[in-house]
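# Coordinates in review
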Amino acid sequence: MEEQQHLGAGARVLVVDDDPTVAEVVSGYLDRAGYVVDRAGDGPDALDRAAEHWPDLVVLDLMLPGMDGLEVCRQMRVRGPVPVIMLTARGDEDDRILGLEVGADDYVTKPFSPRELVLRVESVLRRARPAPPSPTLRAAGLTVDPAARRAAKNGTELALTVREFDLLAFFLRHPGRVFSREDLMREVWGWDFGDLSTVTVHVRRLRGKVEDDPARPRLIQTVWGVGYRFDTAEA
């Protein structure tokens, strides 16, 4: 409990949901966990509130009236980096993957446990915070500074989400080793269970940012039937 209170202290979370009951329940749980909570009922309101007080994390409903959650996420990403957890009432995997494709760091499918959502918020924020001092990682033209949470390719800074950064740093720390999607879910996300398509989508997004030709990746190799390997020898 002390750890949870410490994680929540001072962090601002923007809850965006057009269902007042859901927004009230989620906000209540986050407030009791020590977070400063702002609420918005639609996309334009969410963007206005974010501009007024930039959040440390956004809990964002996918199905909003008018401007949906995907568009809100896109517009917020233009303004600045911010971790996003998507809420969706749909069970369709395509909707969940769409959320991840536009840069969501995680998603929760309705109906959900508010306690689980608080744990997801804590997990994402924990990994978004600056890491203890550690050596800068370099390989194949990539530079990753874990403490500053900055990454570059051939000197050009990369715009990475929280999970993309963690995934790239993990690969650079373990070149040449093969990891299954279950391994990556556990080591990078910190979960022993979850939808493995989350890993697949993040690997695809990361390839789009670090590979010269994402359709023919040379760095993040697929090892068929096993998982992925970061291979500097092929660069």
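Residues numbered from 1 in each chain as written. Predicted model: local features only at pLDDT ≥ 70, side-chain atom pairs only at ≥ 80, totals over all residues. Heavy atoms only, no water.

### What about the sheet that holds strand S8 (residues 150-153)?
Pairing in this open sheet of 4 strands is antiparallel, and the strands run S6-S7-S8-S9 from one edge to the other. Two strands lie at the open edges of the sheet, namely strand S6 (137-139) and strand S9 (156-157), each paired on one side alone. Pairing of S6 with strand S7 (residues 142-145), which is carried by 3 bridges, proceeds in the antiparallel orientation. For Leu 137, the partnering residue across the bridge sits in S7 and is Val 144. Sheet strands touched by helix H7 (residues 162-173): S6, S7 and S8. Its angle to S7, the strand with the most contacts, is close to 110°. (Pairing = 2+ DSSP bridges. Helix = DSSP H or I, 4+ residues; strand = E, 2+ residues; numbered from the N terminus. Contact = heavy atoms within 4.5 Å. Axes fitted to C-alpha atoms, helices over the stretch in contact; angles between N-to-C directions.)

### So, the packing of aromatic side chains
Enumeration according to the criterion identifies 2 aromatic pairs in this entry. Pairing Phe 171 with Phe 230 gives two aromatic rings, centres 6.3 Å apart and planes at 20°, and the pair type is stacked. Within this pair, whereas Phe 171 is found in helix H7, its partner Phe 230 is found in strand S12 (residues 227-230), the two being separated by 59 residues in sequence. For Phe 171, a relative accessible area of 0% gives the class buried. Here the guanidinium or amino end of Arg 32 rests over the ring plane of Tyr 29, the centre of that ring lying 4.8 Å away. (Phe/Tyr/Trp six-rings, centres within 6.5 Å; stacked < 30°, edge-to-face > 60°. Buried < 20%, exposed > 50% of the residue type's maximum accessible area, 1.4 Å probe, protein only. Lys NZ or Arg CZ within 6 Å of the ring centre and 35° of its normal.)

### Details of the side chain of Arg 205
Mapped onto the fold, Arg 205 is located in helix H9 (residues 197-210). If near-sequence neighbours (up to four positions away) are discounted, Arg 205 is found in contact with Leu 100, Glu 101, Val 102, Gly 103, Thr 161 and Glu 164.

### Considering the nonpolar core
By size, the foremost hydrophobic cluster in this structure holds 29 residues, and its most contacted members are Leu 168, Leu 184 and Ile 220. Per-element tally for this core: the top contributor is H7, with 7 residues. Other than its neighbours up to four places away in sequence, Leu 184 contacts Leu 167, Phe 170, Phe 171, Phe 179, Trp 189, Val 199 and Tyr 228. Counting 22 residues, the second largest nonpolar core, distinct from the first, contains Ala 40, Leu 47, Leu 62 and Leu 64. (Core = buried A, V, L, I, M, F, W, Y, C linked by side-chain atoms within 4.5 Å.)

### Observations regarding the pattern of salt bridges
Proximity of charged atoms lets side chains of opposite charge pair with each other. Under the criterion given, the structure shown has 16 salt bridges. Across the pair Asp 17 and Lys 110 runs a salt bridge, and its minimum N-O distance is 2.9 Å. Of the two residues, Asp 17 sits in the loop between strand S1 (12-16) and helix H2 (20-32) while Lys 110 sits in the loop between strand S5 (106-109) and helix H6 (114-128), which places them 93 residues apart along the sequence. Both residues of the pair, Asp 17 and Lys 110, belong to the buried class. Across the pair Lys 153 and Asp 212 runs a salt bridge whose closest N-O atoms are separated by 2.8 Å. Highlighted residues: Lys 153 in strand S8 and Asp 212 in the loop between H9 and strand S11 (220-223), separated in sequence by 59 residues. Since its relative accessible area comes to 67%, Asp 212 is described here as exposed. One network of salt bridges, in which partners are shared, links Asp 17, Asp 61 and Lys 110. (Salt bridge = Lys/Arg side-chain N within 4 Å of Asp/Glu carboxyl O.)

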